[in-house]
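One letter stands for each residue in the lines below.
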Amino acid sequence: MLKVENLDLYYGAAHTLKKVSVSAEAGKVTCVLGRNGVGKTSLLRAIVGQRPIAGGSITLDGKEISKLSTPDRAAMGIGFVPQGREVFPLLSVKENLETGYARLSSKEKYVPQEVFDLFPVLKSMLRRRGGDLSGGQQQQLAIGRALVTRPRLLVLDEPTEGIQPSIIKDIGRAISYLRDKGDMAIVLVEQYFEFARDLADSFILMDRGEVVASGDRSGLDGDDVRRLMAI
Ligand SMILES: Nc1ncnc2c1ncn2[C@@H]1O[C@H](COP(=O)(O)OP(=O)(O)OP(=O)(O)O)[C@@H](O)[C@H]1O
């Protein structure tokens, strides 16, 4: 479904991503692993259209999307859960979810029941302001908001960061459920190794802007991976 090939990205003179390649398939979780600052967030932002690339290609179902705007990519089915969640603090939970309606047809403008099944707390807090939710609840809201857009490709940037263990479990269960439905490809950036290992069908490991290892989940047990994940 998603194919990123030989992607180069710069911030000014800094060559932040060097010939990075990764792919993601429906019904699978692809994990992007690596320490702080190796370029994981930059890769995701390039995929969703928030960072221009200097070289390489990004295709979704064979169509080149690297020149398309972020809203156009969202309309093609890319949903993004950014690092830090980016919940609108003054909007209610309901209004935050409804921001996902922008590119939907009028028939699709509702919150899918599975959002509330996966995260029942959102249902009970629909009128609360986003900014009044705990970090874990905000993360659930950010995932729910992405699901409202009916993504075919769901891109998540460190959904466990700063979250309490019980909610990490809920988020892990949600990702497994979405994967097992079979029609959605999931790209997950994580620094929490055990969480990623439990979910990954395949992975890439990055170091200083480059992919230094990749493979299926069995490759995650190597010492190299742990060493390059250690902070
Ligand atoms: N807007 C920016 N301008 C300049 N440099 C940036 C910018 N954003 C990120 N960088 C630099 O690019 C490199 C990669 O950052 P990036 O956030 O992609 O890494 P990361 O692996 O996601 O790290 P983290 O886990 O901390 O988010 C870092 O050296 C970072 O300082």
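Preceding block: the structure.
Residues numbered from 1 in each chain as written. Predicted model: local features only at pLDDT ≥ 70, side-chain atom pairs only at ≥ 80, totals over all residues. Heavy atoms only, no water.

A. Quick look at the packing of aromatic side chains. For the structure shown, the criterion picks out 1 aromatic pair. With a centroid separation of 6.0 Å and an interplanar angle of 15°, the aromatic rings of Tyr192 and Phe195 are classed as stacked. For Tyr192, a relative accessible area of 37% corresponds to the partly exposed category. Across from the ring centre of Phe116, 4.8 Å away, lies the NZ or CZ of Lys123, which sits over that ring. The ring of Tyr110 is capped by Arg150, whose NZ or CZ atom sits 4.6 Å from the centre of that ring. (Phe/Tyr/Trp six-rings, centres within 6.5 Å; stacked < 30°, edge-to-face > 60°. Buried < 20%, exposed > 50% of the residue type's maximum accessible area, 1.4 Å probe, protein only. Lys NZ or Arg CZ within 6 Å of the ring centre and 35° of its normal.)

B. Summary view of the sheet that holds strand β3 (residues 29–33). Spatially, the 6 strands line up as an open sheet ordered β6-β7-β8-β3-β9-β10, and their pairing is mixed. Lying at the two open borders of the sheet, with one neighbouring strand each, are β6 (78–81) and β10 (210–216). Each strand axis lies, on average, 15° off the axis of its neighbour in the sheet, ignoring direction. Both strand β7 (residues 153–157) and strand β8 (residues 185–190) contribute to a ladder of 5 bridges, which runs parallel. Directly across from Leu154, in β8, lies its bridge partner Ile186. Across the face of the sheet, helix α6 (residues 135–148) comes into contact with β6 and β7 while running at roughly 170° to β6. Sheet contacts for helix α7 (residues 165–181): β3, β7 and β8; angle to β8, the most-contacted strand, approximately 150°. (Pairing = 2+ DSSP bridges. Helix = DSSP H or I, 4+ residues; strand = E, 2+ residues; numbered from the N terminus. Axes fitted to C-alpha atoms, helices over the stretch in contact; angles between N-to-C directions. Contact = heavy atoms within 4.5 Å.)

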